[in-house]
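# Report on the structure
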Amino acid sequence: DTGVSQNPRHKITKRGQNVTFRCDPISEHNRLYWYRQTLGQGPEFLTYFQNEAQLEKSRLLSDRFSAERPKGSFSTLEIQRTEQGDSAMYLCASSLARDSPLHFGNGTRLTVT
Amino acid sequence: RKEVEQDPGPFNVPEGATVAFNCTYSNSASQSFFWYRQDCRKEPKLLMSVYSSGNEDGRFTAQLNRASQYISLLIRDSKLSDSATYLCVVNEAAGNKLTFGGGTRVLVKP
């Protein structure tokens, strides 16, 4: 299966710790997105990459969040000094072109205790 | 006003019945529209794209009404397996962000 892959699937961390998630998109997709989803809500846009360039970032994304896509392939999302409010499902998606649909990974479920 | 809005439901649907629900969007210049299905604690999966002329995929029909700025999804002959949350997604015309609605929960019951 050459779909979008995310690691880890689950992460439990203590408040104040840093966490990093990884996303491997579909290989021919140059567009990569990160979303966050909490229970009962739709996915909330965090950031977007086209190849290695981070072209858009949500105003809701605090400076504790940083994302990279160094070689235009996989991407990482780091959250520093985690807070309980960061507990959510973090979803990565990739797409082929601007008007193409998104293909999601299984997500990383973060629990901050 | 939210950029993309959906009735959260739940829509309780008898098996075999038809159900329809809408999604409204605020940006009149939006160009691309999709419906996704999401099962509990799973990732969203593409159900269908929405084309200007409307389109059908088996028991599912999607429509776009640009004048009133909404898209719709109709499910005919509902199956128990159709129980899920249905998310609409709208592509901003100017940017690259695809914005999701909050989802409409559908429960199909025997």
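Higher on the page you've got the structure.
Below you will find a few notes about this structure. In this text the structure is predicted, and so the values were computed from the model without any measurement.

Residues and elements named next belong to chain A. Spatially, 4 strands are ordered S1-S3-S8-S7 in an open sheet, and the strand pairing comes out antiparallel. With one partner strand each, in any of the chains shown, strand S1 (5–7) and strand S7 (65–68) form the two edges of the open sheet. Sheet twist, expressed as the average angle between the axes of neighbouring strands with direction ignored, equals 15 degrees. By the bridge criterion, 4 bridges tie S7 to strand S8 (residues 75–79) in an arrangement that is antiparallel. Bridging from a neighbouring strand, Phe65 pairs with Ile79 of S8.

Between chain A and chain B, the contact holds 22 residues from the first and 21 residues from the second. When chain A packs against chain B, the two sides together hide about 1800 Å² of surface, and 49% of this comes from carbon and sulfur. Counting the contacts that link chain A with chain B gives 0 salt bridges. Counting the contacts that link chain A with chain B gives 7 residue pairs in polar contact (both at pLDDT 80 or more). By residue class, the composition of the side of chain A that touches chain B is 10 nonpolar, 7 polar and 5 charged.

Calculation notes
Residues numbered from 1 in each chain as written. Chains lettered and ligands numbered in written order. Predicted model: local features only at pLDDT ≥ 70, side-chain atom pairs only at ≥ 80, totals over all residues. Heavy atoms only, no water. Pairing = 2+ DSSP bridges. Helix = DSSP H or I, 4+ residues; strand = E, 2+ residues; numbered from the N terminus. Axes fitted to C-alpha atoms, helices over the stretch in contact; angles between N-to-C directions. Contact = heavy atoms within 4.5 Å. Buried area = accessible area lost by both parts, 1.4 Å probe. Salt bridge = Lys/Arg side-chain N within 4 Å of Asp/Glu carboxyl O. Polar contact = N/O pair within 3.5 Å; in protein donor to acceptor, adjacent residues only side chain to side chain. Nonpolar A, V, L, I, M, F, W, Y, C, P; charged D, E, K, R; others polar.

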